[in-house]
Amino acid sequence: MTEVSTETAGAQTESATVLVARQGVRGWFAAHPLLTHIIKRFALYILTLWAAISGTFLFFRLIPGNPIDAYTQNLAQNYVYNQKANHQIIAHYNQVFGLNGNLFTQYTHYLYQLVVNHDLGPSLINYPTPAWTLISNALPWTLGLLLVATIVAWVLGLLLGAATGWWRRNPVSGGLTYVGTAITHIPYYFVALLGVFYLGYTHSILPTSLAYDPGVVMGWNWHFMTSVVKHALLPACSIIFVSIFGHMLGMRFQMIMTLGEDYLNFAEAKGLRPNVIMRKYAMRNSFLPQVTALAISLGAVFNGNVLVENLFKYPGVGHLLVQAVGNLDYNVIMGVTDLGIFGVLTGAFLLDLIVPVIDPRIRRAR
Amino acid sequence: MRRILGFFRAIGRSPKLSLGLALLIIVVVVGFLNGWLIGLIRTHIGADPTAVSPNHWVHPNGKYLLGTDQYGRDVAAMTLDGLATSLKIGIIAGGLSTAIAIVVAFVAAYRGGLLDSFLSAITDFFLVIPTLPLLIAYSAFAKHVSLLQVGVILAVFSWPGAARTIRTQVLSLRQRSYVDLAKVTKLNTFEVIFAELAPNMLGFLALGLAYAAVASMFALIGLEVIGLGPSGVIDLGFILNLATSGGALTLGAWGIFVAPIAIASVVFFALTLINVGLEEKYNPRLRKVAGG
């Protein structure tokens with residue numbers, strides 16, 4: 001991601017050097033490099049968002065087998081004794097699901113609905129509940145589980161990576177690196193499955209499914225909260241266990257790169273304490289790529305984790321997606337996909353805004 | 001030719017590369033000998049191992065090395081079948097996606113200009129679209145999906161990552177003097193790309209292939225785990241689905257899910273080793289980094 005930062009830095013120095021008095025919009029752009037950067041980045045963000053959502057829309061409309069056709073045909077068979085009612089009902093459903101007119105009309109209708117009314121249309125199976133209601137009910141579970149897991153894994157991975165990088169000649173550090181290399185590409189699902197078998201079924205230590213005990217009443221009370229935490233422990237830990245090593249390897253790599261820099265030798269020659277060198281010189285300068293990694297993982301949180309959530313029947317977005325697919329619930333599936341796209345793009349966009357704030361090198365390049 | 005020989009010599013020098021390749025070759029050979037190995041199991045058991053039999057949920061023992069599933073089928077034989085399918089999807093989707101990535105990246109980076117901007121925009125666009133939901137939806141809507149179709153869809157959505165890395169590499173390579181020399185001697189674009197540039201990036205291309213293959217193998221496993229995916233094929237994910245839906249977890253039949261997980265993990269581990277080894281080879285600064 002350093003690619004991004006140098007690119008923006010380059011663009012900004014360029015706009016600063018051409019600060020000759022220019023007229024109109026261009027002159028304004030030259031005078032406000034930071035705002036220009038934000039505006040340009042925002043325009044790009046909106047453009048990619050639009051393109052990706054349109055792409056998915058097209059993909060779904062071009063898949064063979066339109067589920068709503070099947071649904072209305074089914075209805076037509078049931079209402080065969082009343083031709084008029086039948087036509088009215090089909091017309092009604094086509095209108096509600098935005099299937100009137102050609103592909104372009106449907107597309108503009110979908111986009112209008114999404115952008116102006118923030119409406120994904122009704123869910124097919126839970127008709128007439130809006131698809132967005134279903135998604136927003138599932139979202140807190142996914143966010144709660146994955147946000148906590150992602151942040152915990154990131155912090156621990158960062159510290160572990162800093163330690164293994166700093167003491168890189170220590171055999172424990174070498175061993176951890178090998179273990180990390182072996183584990184980092186193993187899917188979370190595998191760890192979760194083994195964990196469920198060993199801790200859940202064989203030893204009955206942790207619950208194996210759902211987000212809280214069925215008998216517990218939902219609310220902000222101690223009983224409910226402990227139940228939620230207990231149920232989240234196994235899925236969260238299986239995600240943390242794997243993703244910790246990814247962050248560790250990234251941080252370790254960056255630490256060792258930084259340790260080779262001249263200013264670290266200089267700091268040592270100045271007689272700074274190793275503790276200070278490690279924290280203020282090595283770690284601080286190795287930090288930035290890890291922030292990028294965090295932003296990318298946080299953006300991906302909105303996708304939910306289909307396999308892990310499904311294994312635990314955890315009522316999050318990933319589980320909702322599988323249920324919706326099982327019922328061919330068009331609008332919910334599209335909604336979940338759009339939400340995932342939104343998460344990833346927003347994460348990347350915010351990252352580009354935050355990087356200059358946390359990295360003085362990029363700020364000064366302006 | 002000399003460059004290719006040098007490439008193999010470099011593999012011999014790196015323990016990570018050699019170990020990774022050795023593991024991978026073993027798994028691939030086992031995968032492709034699956035017919036023969038299943039034949040061995042058949043004579044060992046004395047019946048067709050993948051046929052339904054009354055011996056449900058036998059725990060791993062001398063006769064059924066990994067036990068049986070809820071229909072009395074031998075898990076070891078099914079796992080071998082599953083491995084072959086997983087490798088197949090890896091080759092189909094991985095190969096196709098790398099091919100797309102190579103063409104897009106080379107054309108974009110070598111030609112540059114407007115074409116580059118256009119192709120890069122398309123790459124970024126595909127990079128954003130989440131593959132799994134689309135694939136899940138496609139397999140659910142289109143009732144009968146073949147392995148090849150899944151492979152093609154995976155390839156269509158998974159090439160951008162590799163295209164990006166290859167493009168960056170080509171951008172730096174095309175400034176070298178030997179490329180100028182080749183241009184002066186009036187080689188055309190394709191000759192420059194395939195005779196001069198590509199051989200110098202063999203490792204990178206192999207890396208891209210390895211990544212794409214792993215990603216598509218896991219995508220198919222994920223699809224099968226939630227009960228979708230191509231009809232009439234057994235892959236490692238299908239066996240995991242059998243395990244979770246059939247009650248293997250409660251019955252303690254560990255063979256049925258430990259075996260696919262172990263095999264898939266070995267493949268992932270081998271490819272990670274190859275990846276780290278190749279990165280060290282191409283970026284000598286890293287040699288001191290990768291511990292031990």
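In this text the structure is predicted, and so the values were computed from the model without any measurement. Per chain, residue numbering runs from 1 following the sequence as it is written. Naming scheme: in the order in which they are written, chains are lettered from A and ligands are numbered from 1. Residue-level local features of this predicted model are given only where pLDDT is at least 70; pairs of side-chain atoms are given and counted only at 80 or more, and the full residue set underlies all totals for whole chains, interfaces and linings.

### Quick look at the overall build of chain B
Piece 1. We count a stretch as a helix when DSSP gives it H or I for four or more residues in a row; a strand needs E for two or more, and each element gets its number in order from the N terminus. Regarding its fold elements, chain B presents 13 helices and zero strands.
Piece 2. Along its sequence from the N terminus, chain B presents helices and strands in the succession α-α-α-α-α-α-α-α-α-α-α-α-α.
Piece 3. Dimensions of chain B, computed from the C-alpha atoms along their principal axes, are close to 75 × 45 × 30 Å.
Piece 4. Residue burial here comes from a neighbour count, namely the number of other C-beta atoms, placed from the backbone, that lie within 10 Å of the residue's own C-beta, with 20 or more meaning buried, 12 or fewer meaning exposed, and in between meaning partly exposed. Across the 292 residues of chain B, 47% fall into the buried class.
Piece 5. At a minimum sequence separation of 6, the contacts of chain B that also span at least 24 residues come to 70%. We call two residues in contact when the distance between their C-beta atoms, placed using the backbone, is within 7 Å.

### Structural notes on the overall build of chain A
Piece 1. Helix and strand counts for chain A come out as 17 helices and zero strands.
Piece 2. In chain A, 68% of the contacts between residues at least 6 apart in sequence involve partners at least 24 apart.

### Some thoughts on the interface of chain A and chain B
Piece 1. Residue-level contacts link 48 residues of chain A with 36 residues of chain B.
Piece 2. Among the elements of the structure, α3 (33–62), α8 (171–183), α9 (188–202), α10 (222–259), α14 (306–311), α15 (317–326) and α16 (330–358) of chain A are those that each provide at least two residues to the side of chain A that touches chain B.
Piece 3. Class assignment for the residues of the side of chain A that touches chain B results in 32 nonpolar, 15 polar and one charged. When residues are grouped by polarity, Ala, Val, Leu, Ile, Met, Phe, Trp, Tyr, Cys and Pro land in nonpolar, Asp, Glu, Lys and Arg in charged, and all others, Gly among them, in polar.

### What to know about the nonpolar core
Piece 1. Membership of the largest hydrophobic core comes to 164 residues, with the highest contact counts inside it found for A:Ile135, A:Leu193, A:Leu321 and B:Ala105.
Piece 2. Among the elements that line this core, the one with the most residues is helix α4 (residues 75–111) of chain B, at 20 residues.
Piece 3. Leaving out residues up to four positions away in the same chain, A:Leu193 has contacts with A:Leu311, B:Leu240, B:Phe257 and B:Ile261. Nonpolar cores are built from buried Ala, Val, Leu, Ile, Met, Phe, Trp, Tyr and Cys residues. These are joined into a set through C-beta atoms within 7 Å.

### Details of the environment of A:Leu321
Piece 1. Tracing the backbone through its elements, the reader meets A:Leu321 in helix α15.
Piece 2. Its 30 C-beta neighbours within 10 Å are what place A:Leu321 among the buried residues.
Piece 3. Residues A:Leu321 and A:Thr337, spaced 16 residues apart in sequence, show a C-alpha to C-alpha distance of 8.8 Å.
Piece 4. Contact partners of A:Leu321, with chain neighbours within four places excluded, come to A:Gly304, A:Val306, A:Ile333, A:Val336, B:Pro133 and B:Ile136.

### Points about the packing of α4(B) against helix α5 (residues 113–128) of chain B
Residues and elements named next belong to chain B.
Piece 1. Look at α4 against α5: their axes get within 7 Å of each other, and the N-to-C directions meet at 145°. Both α4 and α5 take part in a crossing whose hand is left-handed. Between α4 and α5, the contacting residues are Val104, Val107, Ala108, Ala109 and Arg111 on the first element and Gly113, Leu115, Asp116, Leu119, Ser120 and Thr123 on the second. Where helices are involved, their axes are fitted lines through C-alpha atoms of the stretch in contact, as for all axes, and angles between N-to-C directions lie from 0 to 180°. The sense of a crossing depends on the near helix, which, turned anticlockwise from the far helix by less than a right angle, makes the crossing left-handed and, turned clockwise, makes it right-handed.

### Some thoughts on helix α8 (residues 177–184) of chain B
Piece 1. Little of α8(B) is tucked away: zero of the eight residues are buried.
Piece 2. Following α8(B) by one or two positions, B:Lys186 has its phi on the positive side, about 60°.

### Some remarks on the packing of α3(A) against α5(B)
Piece 1. Contact geometry of α3(A) with α5(B) gives a least axis separation of 10 Å together with a crossing angle of 65°. The two elements α3(A) and α5(B) meet at a crossing, and its hand is right-handed. Residues A:Thr48, A:Ala51, A:Ala52 and A:Gly55 of α3(A) lie in contact with α5(B), whose contacting residues are B:Asp124, B:Phe125 and B:Val128.
Piece 2. Of the residues that constitute the contact of α3(A) with α5(B), the class distribution is four nonpolar, two polar and one charged.

### A short note on the confidence of the model for chain A
Residue and element names in this part refer to chain A.
Piece 1. What pLDDT conveys is the predictor's confidence in a given residue, as a value from 0 to 100. Counting all residues, the mean pLDDT for chain A is 81, and 86% of those residues have values of 70 or more.
Piece 2. Put simply, helix α1 (residues 2–17) is where chain A has its lowest mean pLDDT, 45, and helix α7 (residues 131–166) is where it has its highest, 92.
Piece 3. Scored below 50 in pLDDT, residues 1–20 makes 24 contacts in the model with residues more than four places away or belonging to other chains.

### Considerations on helix α2 (residues 15–32) of chain B
The periodicity of an α-helix, 3.6 residues per turn, causes residues three or four places apart in sequence to face the same way.
Residues and elements named next belong to chain B.
Piece 1. Helix span is expected to be 1.5 Å times the residue number reduced by one. For α2, with 18 residues, the first-to-last C-alpha span of 26 Å sits near the 26 Å given by 1.5 Å per residue.
Piece 2. All buried positions along α2 are accounted for by Lys16, Leu17, Gly20 and Gly31. Mapping the buried residues of α2 onto a view down its axis gives an arc of 95°, with all of them on the same face. In this structure, α2 carries Pro15, Ala22, Ile25, Ile26 and Val29 as exposed residues pointing more than 90 degrees from its buried face. When we speak of the arc, we mean the arc of directions from the helix axis to the C-beta atoms.

### A closer look at the confidence of the model for chain B
Piece 1. Here chain B averages 81 in pLDDT, while 94% of its residues score no lower than 70.
Piece 2. ipTM for the predicted complex: 0.82, alongside a pTM of 0.81.

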